[in-house]
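# Examining the three-dimensional arrangement
Here is what each chain is made of, one letter per residue.
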Amino acid sequence: MRVLLGVTVAVVLTVGLGAASAGVAAPPARAGTGSAPARPRVTPTVLTTTRAPGKVVALTFDDGPTARYTPQILALLARNHVTATFCEIGQQARAQPALVRRVVAGGHRLCDHTITHDPTVGTHTPAVIDQQLRASRDVLATAGKTDVDYFRAPDGNWTPNLVRLSARDGMQPLGWTVDPRDWSRPGTAAIVRTVATHVRPGSVILLHDGGGPRDQTVQAVAQLIPWLRAQGYSFVLPG
């Protein structure tokens, strides 16, 4: 179901760097309150680490929002004063706009994850890709009353056009470096162990608040936040 970026990202990064010379329009100023975090710098490359230096990590949550699990994740983050990035599916956001607003109100960032979690989105013509990206971005922006800072390809299926067009539309392409495959429900202990084994300074950690039962993920996050802090890590937003 989910795959690490691997060779695909390497190819995309090469193409993205070549496209960088064409320039990417600066993203518009963030709407909403002055308490919202500054928007990330957008580049036509897949971001797989934090840009902040030092012993930091970024938590990201995919496939929400969901009525059962997103509030639990938000409560954990609020209790521990952690900000994160939520890569949300457009149809989920349309069904749960109040949860999108809660994500934004908590100081977290929004990430476009397509309307239906379509892993083939990058294989279409540029015109169709652009139309789909804008459609899902606009659903999130309307629900959250703010800008959408990132785009994450479903299943990590990046193509050069998907990278280029998401950046052109003002969204930083966002990958990951640590994938505990929590979507497969390997058990809370396995999720925690995988993150603990593979985390490094600058890691972007992939987790889920939707797409199926996520009780193991909630329990794992409750353990990982204090463990990471005990190892000297602090939490940042990508970019």
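This section reports on the structure supplied with the text. (Residues numbered from 1 in each chain as written. Predicted model: local features only at pLDDT ≥ 70, side-chain atom pairs only at ≥ 80, totals over all residues. Heavy atoms only, no water.)

### Examining the environment of Pro119
Mapped onto the elements of the fold, Pro119 is located in the loop between strand E3 (109-112) and helix H5 (126-144). Separated by 34 residues in sequence, Pro119 and Ala153 have C-alpha atoms that sit 7.1 Å apart. Sequence-distant contacts of Pro119, that is, excluding residues within four places in its chain, are made with Pro154, Asp155 and Asn157. (Helix = DSSP H or I, 4+ residues; strand = E, 2+ residues; numbered from the N terminus. Contact = heavy atoms within 4.5 Å.)

### Looking at the packing of aromatic side chains
Evaluated as defined, the whole model comprises two aromatic pairs. A centroid spacing of 5.3 Å and a plane angle of 25° characterise the contact between Phe61 and Phe86, whose relative ring orientation is stacked. Taken as a pair, Phe61 in strand E1 (residues 56-62) and Phe86 in strand E2 (residues 85-88) lie far apart in primary sequence, 25 residues in all. Of the residues examined, Phe61 reaches a relative accessible area of 0% and is grouped as buried. Assessed through its relative accessible area of 0%, Phe86 is described here as buried. Centre to centre, the rings of Phe151 and Trp158 are 5.8 Å apart; their planes meet at 80°, and the pair counts as edge-to-face. (Phe/Tyr/Trp six-rings, centres within 6.5 Å; stacked < 30°, edge-to-face > 60°. Buried < 20%, exposed > 50% of the residue type's maximum accessible area, 1.4 Å probe, protein only.)

### Structural notes on the pairing of strand E6 (residues 203-208)
With six of six residues buried, E6 is to be regarded as a mostly interior element. The alternating pattern of E6 places Ser203, Ile205 and Leu207 and Val204, Leu206 and His208 on opposite faces, both of which are buried. Examined bridge by bridge, E1 and E6 share six bridges and lie parallel to one another. Paired with Asp62 across the bridge in E6 is His208. (Pairing = 2+ DSSP bridges.)

### Details of the side chain of Gln216
Within the secondary structure layout, Gln216 lies in helix H8 (residues 215-230). Apart from the residues lying within four places of it in its own chain, the contact partners of Gln216 are Arg185, Pro186, Gly187, Thr188 and Ile191.

### Points about helix H2 (residues 70-79)
For H2, every residue scored as buried is listed here: Thr70, Pro71, Ile73, Leu74, Leu76 and Leu77. Where the residues of H2 are buried, they touch E1, E2, helix H4 (97-105) and H8. Taken from the residues just after H2, His81 is the one with a positive phi, measuring 55°.

### Thoughts on the nonpolar core
Counting 45 residues, the largest nonpolar core has Leu59, Phe61, Leu77, Phe86, Leu162, Ile205 and Leu228 as the members making the most contacts within it. The set of elements that each furnish at least two residues to this core consists of E1, H2, H4, H5, helix H6 (160-168), helix H7 (188-198), E6 and H8. Among the elements that take part in this core, H8 stands out by supplying six residues, more than any other. One finds Leu47, Cys87, Cys111 and Tyr150 within the second-largest nonpolar core, a separate group that totals five residues. (Core = buried A, V, L, I, M, F, W, Y, C linked by side-chain atoms within 4.5 Å.)

Keep in mind these numbers describe shape, not what the thing actually does.
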